[in-house]
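Coordinates in review
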Amino acid sequence: MKESKIREEDLANLVREGNVMAFEIAFKQYREILFKHAFYVVRDMDEAEDVIQEVFTTLWEKRASIPIDAKLSSFLYRMTRNRVLNKLSHQKVMDNYIQHVLVEQSEQTSNSDLDLIGKELAAIIESEINKLPTRMREVFNLSRNEGLSHKEIAELLQISEGTSKLQVSKALAILRQRVLKAVIILLAG
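Here's what I pulled together on the structure shown here. (Residues numbered from 1 in each chain as written. Predicted model: local features only at pLDDT ≥ 70, side-chain atom pairs only at ≥ 80, totals over all residues. Heavy atoms only, no water.)

What the protein contains, in helices and strands, is eight helices and zero strands. Listed by position from the N terminus, the elements making up the protein come as α-α-α-α-α-α-α-α. Looking at the protein as a whole, 33% of its 189 residues qualify as buried. Intrachain contacts of the protein at a sequence separation of at least 6 include 64% that bridge at least 24 residues. (Helix = DSSP H or I, 4+ residues; strand = E, 2+ residues; numbered from the N terminus. Buried < 20%, exposed > 50% of the residue type's maximum accessible area, 1.4 Å probe, protein only. Contact = heavy atoms within 4.5 Å.)

Pasting the structure below:
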């Protein structure tokens, strides 16, 4: 099966029928453009990558629901758009909940309690940073604590500037998830 000779509608039909090679071709053909679309909206490489993985996983799991003679690119684009919108909606709900908890807590919390919460949060953040993989932690600390640019980090550690950016981006995504959970528990308790 040659990639360049398959019509888009035929590719969709082959995927719907469970043809693994057709699925792999579709993944190779559409992954990058869908990633760019997702990244443009969510502005986070890890989130965009998660969206694309979810889209292709769902495509395979629910391949029987691909309409006959559908344009696969349109179908995948709609799936990506819907997944991105779901993520944004979920994030908005989480942000609203955190805002609500913060407002409610600030009304009921004294300054000494706020100092204690601040110290606990700083300890949580430090603990989570220490749990990062060694190289990622090193790049993250050079960026955030030492204030080095990605170019300076790349030169210092003899890595590419892109690797430096990717490591910091991944570290922030990991920390955002872990610290967010800790903040919710801390404030709700």
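A word on the side chain of Ser143. Along the chain, the position of Ser143 falls in helix 6 (residues 134-144). Accessibility expressed as a relative area gives 11% for Ser143, which makes it buried. Only 2.9 Å separates the side chain of Ser143 from the side chain of Arg144, close enough to count as a polar contact. In this structure Ser143 touches Leu148, Ile153 and Val168, once residues within four positions along its chain are discounted. (Polar contact = N/O pair within 3.5 Å; in protein donor to acceptor, adjacent residues only side chain to side chain.)

The subject of this paragraph is unusual backbone geometry. Even without glycine at this site, Arg43 takes up a positive phi of about 60°. With respect to the helices, strands and loops of the structure, Arg43 is situated in the loop between helix 2 (20-42) and helix 3 (45-61). A relative accessible area of 54% means that Arg43 is categorised as exposed. Its identity as a non-glycine residue notwithstanding, Gln158 has a phi of 55°, on the positive side.

Further remarks concern the environment of Glu47. With respect to the helices, strands and loops of the structure, Glu47 is situated in helix 3. Sequence-wise, Glu47 and Phe35 are 12 residues apart; in three dimensions their C-alpha atoms are separated by 9.8 Å. Leaving out residues up to four positions away in the same chain, Glu47 has contacts with Val42 and Lys87.

Glancing now at the packing of aromatic side chains. Between two aromatic rings, the relevant description is the distance of the centres plus the angle of the planes. As enumerated under the stated definition, the model contains four aromatic pairs in all. Between Phe23 and Phe56, the aromatic rings sit 6.1 Å apart at their centres with planes inclined by 80°, giving edge-to-face as the arrangement. Here Phe23 is found in helix 2, whereas its partner Phe56 is found in helix 3, with 33 residues between them in sequence. Overall, the relative accessible area of 17% leaves Phe23 in the buried class. Between Phe35 and Phe39, the aromatic rings sit 6.2 Å apart at their centres with planes inclined by 10°, giving stacked as the arrangement. Placement of the pair is Phe35 and Phe39 together in helix 2, with a separation of four residues, close to one helical turn. Here a set of aromatic residues connected by ring pairs shows up, and it is made of Phe23, Phe27, Phe56 and Trp60. Here the guanidinium or amino end of Arg63 rests over the ring plane of Trp60, the centre of that ring lying 4.0 Å away. (Phe/Tyr/Trp six-rings, centres within 6.5 Å; stacked < 30°, edge-to-face > 60°. Lys NZ or Arg CZ within 6 Å of the ring centre and 35° of its normal.)

Before going further, it helps to spend a moment on the nonpolar core. Nonpolar side chains in soluble globular proteins tend to end up buried together. Core analysis: the biggest nonpolar cluster contains 26 residues, and Leu11, Tyr30, Phe56, Leu59, Leu72 and Leu76 have the highest contact counts within it. Tallying contributions element by element places helix 2 first for this core, with nine residues. Not counting the four nearest positions on each side in its chain, Leu59 is found in contact with Val15, Phe23, Ile66, Leu72, Phe75, Leu76 and Met79. Core analysis: the second largest hydrophobic core is formed by seven residues, Val139, Leu142, Ile153 and Ala154 among them. (Core = buried A, V, L, I, M, F, W, Y, C linked by side-chain atoms within 4.5 Å.)

This next bit is on helix 7 (residues 150-157). Among the residues making up helix 7, those that are buried are Ile153, Ala154 and Leu157. Burial along helix 7 is one-sided: seen end-on, the buried residues are contained in an arc of 100°. For helix 7, the exposed residues set more than 90 degrees away from the buried face come down to Glu155 and Leu156. Gln158 lies just past helix 7 and shows a positive phi near 55°. (Arc of directions from axis to C-beta.)

Quick look at a nonpolar patch on the surface now. A contiguous nonpolar patch, built from Tyr40, Val41, Leu85 and Leu88 and spanning about 380 Å² of accessible area, is present on the exposed surface. Only helix 2 and helix 4 (72-108) provide two or more residues apiece to the nonpolar patch. Owing to a relative accessible area of 37%, Leu88 belongs among the partly exposed residues under this scheme. (Patch = residues over 30% accessible without salt bridge, like charges linked within 9 Å, V, L, I, M, F, W, Y side chains within 5 Å. Areas by Shrake-Rupley, 256 points an atom, 1.4 Å probe, with all protein chains shown as cover. Salt bridge = Lys/Arg side-chain N within 4 Å of Asp/Glu carboxyl O.)

So far we have only geometry, and geometry alone does not tell us how the molecule works.
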